[in-house]
Amino acid sequence: MAHAQISKYLPPDINPTQAAIAYGCRALPKLNEELQSEDLLTRQKALMALYDLMHDPEHVYTAIRIGCLESLKALLKDTNDLVRIKTTEVLYIMATHNVGRDGFLEHDVIHALSFLLSDPQSACRENLHLAFKHLAQLPAGAKGIVNSSLIPSLVWKLQREEERIQELLLDTLAACLREDATEALASRAVPFLKEKLLSANSNIRSKAAQALTAVSIPLEGKNQVWQHDVIPILVHLLKDKEEEVQASAAGALMYVTVTTKGKYVALDTEAIRPLLELLHSSLSKARLNAIKVLTMLAEAPEGRKILQSHVPTFRALEEDTSAAVQRAAQIAVKVIEWKP
């Protein structure tokens with residue numbers, strides 16, 4: 001005769017570290033209540049469950065509507081390390097969705113996150129910077145970070161963070177500086193970015209050049225780049241072993257050579273030869289940036305004289321697979337062949 005026996009093991013599909021999710025429309029309200037619980041384990045389990053749900057933008061919308069962002073902001077001050085780490089992780093996932101980024105701006109989440117810039121847990125800081133990076137992809141998000149007066153802090157942190165976090169910082173700075181570089185220029189961003197151009201990490205070299213491109217949009221940025229002797233380093237990076245670094249360096253030179261001083265510093269450091277070599281790069285953006293820099297240099301009589309013998313190379317690029325490269329090559333030919 002069979003006997004009933006209760007197993008001492010949990011069912012195979014039950015996760016003991018995650019809160020049980022209520023059915024249907026009750027799921028998120030219940031989790032929001034548990035986020036506010038005084039019991040540490042309850043808060044931790046609720047965060048684990050919420051993290052899984054936030055990959056769906058519909059759930060993100062509902063979570064924001066019922067007040068989950070306010071609960072998460074409160075948890076950023078929690079004394080428990082795991083709670084803060086999982087809270088920043090949930091917020092980072094929410095920031096990957098447009099509705100989440102809008103929610104950040106409406107509920108002032110940027111300010112709440114800024115208090116964790118010096119958190120002792122590197123995972124917490126990494127999640128924070130992932131959230132900022134995604135938020136900055138939205139122009140309004142980049143402006144929100146700038147308006148929160150966080151740029152000086154981000155520039156300062158660039159010198160002290162771990163390399164993987166430095167990469168995220170550079171992405172955020174590049175997006176924010178395209179909106180407004182004023183605070184960055186006043187915070188010695190150019191010398192700090194110059195140092196990052198010399199990093200052994202190719203991703204950091206490339207992203208630092210991209211941030212310099214953004215900081216060089218205003219005239220003051222262009223002036224600071226040549227004043228701090230950054231142009232010779234950018235010219236050297238045109239010969240970097242990584243094509244992405246080459247393309248980013250050419251992109252920065254494209255802006256700094258707009259000024260007469262920038263043009264002549266680039267000519268004095270013999271930028272034309274590596275730029276001509278870059279015209280044969282497999283990356284269309286590298287070819288495009290190189291053509292634009294050479295066009296800038298051709299505006300100087302000395303540069304135009306050197307480039308006149310290379311007009312056939314630009315003519316060939318008028319048949320490039322990239323329409324942008326074709327147009328840039330046509331403009332370059334006109335500038336090089338111009339006669340006063």
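Residues numbered from 1 in each chain as written. Predicted model: local features only at pLDDT ≥ 70, side-chain atom pairs only at ≥ 80, totals over all residues. Heavy atoms only, no water.

An unreviewed UniProt entry lists the chain under the name Radial spoke head 14 homolog, with Delphinapterus leucas as the source organism.

In terms of helices and strands, the chain carries 23 helices and 0 strands. A compact globule built from 340 residues should have a C-alpha radius of gyration of about 20 Å, whereas the chain, at 26 Å, is more than 25% larger. Dimensions along the principal axes, computed over C-alpha positions, put the chain at roughly 100 × 50 × 35 Å. In the chain, which comprises 340 residues, the share counted as buried stands at 52%. (Helix = DSSP H or I, 4+ residues; strand = E, 2+ residues; numbered from the N terminus. Rg over C-alpha atoms; globule rule 2.2 N^0.38 Å. Buried < 20%, exposed > 50% of the residue type's maximum accessible area, 1.4 Å probe, protein only.)

Inspection of the secondary structure puts arginine 287 in helix α20 (residues 284-298). Within the structure, the side chain of arginine 287 is placed 2.9 Å from the backbone oxygen of serine 281, a separation counted as a polar contact. When near neighbours in sequence (up to four residues on either side) are disregarded, arginine 287 contacts Leu278, Leu279, Ser281, Ser282, Leu317, Asp320, Thr321 and Val325. (Polar contact = N/O pair within 3.5 Å; in protein donor to acceptor, adjacent residues only side chain to side chain. Contact = heavy atoms within 4.5 Å.)

On to the nonpolar core, then. By size, the foremost hydrophobic cluster in this structure holds 113 residues, and its most contacted members are Met54, Met94, Phe104, Ile145, Ile151 and Leu212. Here this core takes 9 residues from helix α11 (residues 163-179), the largest share from any one element. Once residues lying within four places of it in the same chain are set aside, the contact partners of methionine 54 are Leu28, His59, Val60, Ala63, Val90, Ile93, Met94 and His97. (Core = buried A, V, L, I, M, F, W, Y, C linked by side-chain atoms within 4.5 Å.)

Further remarks concern helix α1 (residues 27-35). Taken as a whole, α1 has its buried residues at Ala27, Leu28, Leu31, Asn32, Glu34 and Leu35. One face of α1 carries all of its buried residues, which in axial projection span an arc of 160°. (Arc of directions from axis to C-beta.)

So, about the packing of aromatic side chains. Centre distance and the angle of the planes are the two values used to describe a pair of aromatic rings. Taken as a whole and judged by the stated rule, the model has 0 aromatic pairs. Seen from the ring of tyrosine 51, lysine 86 lies directly overhead, with NZ or CZ sitting 4.7 Å from the centre. (Phe/Tyr/Trp six-rings, centres within 6.5 Å; stacked < 30°, edge-to-face > 60°. Lys NZ or Arg CZ within 6 Å of the ring centre and 35° of its normal.)

Structurally, aspartate 108 is set in the loop between α6 (98-106) and α7 (109-114). Counting along the chain gives 38 residues from aspartate 108 to glutamate 70, while the straight-line C-alpha distance between them is 9.5 Å.

Its identity as a non-glycine residue notwithstanding, aspartate 108 has a phi of 55°, on the positive side. Of the residues examined, aspartate 108 reaches a relative accessible area of 41% and is grouped as partly exposed. Residue serine 149 is not a glycine yet carries a positive backbone phi of 60°. Examined against the element boundaries, serine 149 turns out to sit in the loop between α9 (139-147) and α10 (151-157). Residue serine 149 is classed as partly exposed on the basis of its relative accessible area, which comes to 43%.

So, on to the packing of α9 against α11. The N-to-C vectors of α9 and α11 enclose an angle of 90°; their axes lie 9 Å apart at closest approach. By the angle between their axes, α9 is roughly perpendicular relative to α11. For the pair formed by α9 and α11, the contact residues are Pro139, Ala142, Lys143, Ile145 and Val146 on the first element and Thr172, Ala175, Cys176 and Glu179 on the second. Its residues assigned to classes, the contact of α9 with α11 comprises 6 nonpolar, 1 polar and 2 charged. (Axes fitted to C-alpha atoms, helices over the stretch in contact; angles between N-to-C directions. Parallel < 35°, antiparallel > 145°, perpendicular 65-115°, else oblique. Nonpolar A, V, L, I, M, F, W, Y, C, P; charged D, E, K, R; others polar.)

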